[in-house]
Amino acid sequence: SYWMNSYWGGTFAAIGGAFVFGAFGRLEKMRSFGARGTGLAVLMALGIGMLANSRPYEGLALCVPVAVRMCGWLLEKRRTLLAPKLFRVVVPLAVCLALIGVCMGVYFKAVTGSPTRLPYVVNQERYGWPMTLPWTEVKYIHQDRPEFAEYYLYELTDHVHFASLTQFLAWEAVRLQNDWRFYIGPALMIPCFFFRRMLRSRRLRFLLVCGGVLLVASYMTPHFPHYMAPILVPVAAVWVQGFRYLRQAKR
């Protein structure tokens, strides 16, 4: 599919999400923090940077519940581990994120003239899109080329679907089918029948919460299936755990 075979796919964002989930999941299980903890913090920062530079909106929706969970992890009962967590994990994570922010600022300044002005903003002012956020003000901009005029109308059509509740629900039903075919399909629907049992699993609960937050955030905006690429890890966890439950089923 176009996931792998084009530059348009979501592979980069999916890898970023996997780095965030994988690094934090391992940090939660650690009982002592040394060089490995620092390495996982760097990997987590790399994942956040990949999300910020590929799917910033969806990446933020994924990182917010992870940040909340991380605060709880820092302040859990075993106070003796607070100092190692801060110096071995939080400080390297903060330093790496600061370096990523500086690099992004340098890039923004080279492209837009300001370290705080995103290329998205310049593109929107010049061509009128992206209109992916429904609360974005729509401005009519005359397009010199017919291809650009057609694409402007295409973005406007997507934006109009958020004008009323009826249009919104009808369009969401269409997109839900597209996303279902892309991520699950008929065969991988079988393990999803055990979803209720998964909700009771402590191992999966956090992943499912993160996936749910990202899903809600994605459906608040027009999107293609690959926009939700950071959700791949929670979806894959559902597949794997569902097949485990299927193997144990007695009926």
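Residues numbered from 1 in each chain as written. Predicted model: local features only at pLDDT ≥ 70, side-chain atom pairs only at ≥ 80, totals over all residues. Heavy atoms only, no water.

1. Some thoughts on a nonpolar patch on the surface
On the surface, Leu86, Phe87, Val91, Val95 and Leu99 cluster together to form a nonpolar patch covering roughly 480 Å² of accessible area. What makes valine 95 partly exposed here is its relative accessible area of 45%. (Patch = residues over 30% accessible without salt bridge, like charges linked within 9 Å, V, L, I, M, F, W, Y side chains within 5 Å. Areas by Shrake-Rupley, 256 points an atom, 1.4 Å probe, with all protein chains shown as cover. Salt bridge = Lys/Arg side-chain N within 4 Å of Asp/Glu carboxyl O. Buried < 20%, exposed > 50% of the residue type's maximum accessible area, 1.4 Å probe, protein only.)

2. Considering the nonpolar core
Within soluble globular proteins, side chains that are nonpolar tend to cluster in buried spots. Counting 45 residues, the largest nonpolar core has Leu27, Met44, Leu62, Val66 and Trp73 as the members making the most contacts within it. Residue assignment for this core shows that the elements contributing at least two residues are helix 2 (11-29), helix 3 (35-52), helix 4 (56-74), helix 5 (82-112), helix 10 (202-219) and helix 11 (232-248). Broken down by element, this core gets its largest block of residues, eight residues, from helix 10. The residues contacting leucine 27, other than those within four sequence positions of it, are Phe33, Gly37, Leu40, Met44, Trp73 and Val89. (Core = buried A, V, L, I, M, F, W, Y, C linked by side-chain atoms within 4.5 Å. Helix = DSSP H or I, 4+ residues; strand = E, 2+ residues; numbered from the N terminus. Contact = heavy atoms within 4.5 Å.)

3. As for the side chain of arginine 175
Relative to the assigned elements, arginine 175 resides in helix 8 (residues 165-183). Polar contacts involving the side chain of arginine 175 include one to the main-chain carbonyl oxygen of tyrosine 219, which spans 3.3 Å. The contacts of arginine 175, once residues within four sequence positions are left out, are Phe162, Ser218, Tyr219, Thr221, Pro222 and His223. (Polar contact = N/O pair within 3.5 Å; in protein donor to acceptor, adjacent residues only side chain to side chain.)

4. Let's talk about the packing of aromatic side chains
Here the structure, examined in full by the defined rule, presents 13 aromatic pairs. Aromatic pair tyrosine 127 and tryptophan 129: ring centres 5.5 Å apart, planes at 20°, arrangement stacked. Assessed through its relative accessible area of 23%, tyrosine 127 is described here as partly exposed. Residue tryptophan 129 is classed as buried on the basis of its relative accessible area, which comes to 12%. Both rings, one in tyrosine 127 and one in phenylalanine 148, keep their centres 5.3 Å apart while their planes meet at 85°; by these two values the pair is edge-to-face. Within this pair, whereas tyrosine 127 is found in helix 6 (residues 119-127), its partner phenylalanine 148 is found in helix 7 (residues 146-160), the two being separated by 21 residues in sequence. Judged by relative accessible area, phenylalanine 148 falls into the partly exposed class, the value being 31%. Members of the aromatic cluster, connected to one another through ring pairs, are Tyr127, Trp129, Phe148, Tyr151 and Tyr154. Directly above the aromatic system of phenylalanine 206 lies the positively charged group of arginine 69, at a separation of 4.5 Å from the ring centroid. (Phe/Tyr/Trp six-rings, centres within 6.5 Å; stacked < 30°, edge-to-face > 60°. Lys NZ or Arg CZ within 6 Å of the ring centre and 35° of its normal.)

Just geometry here; none of it tells us what the structure is for.
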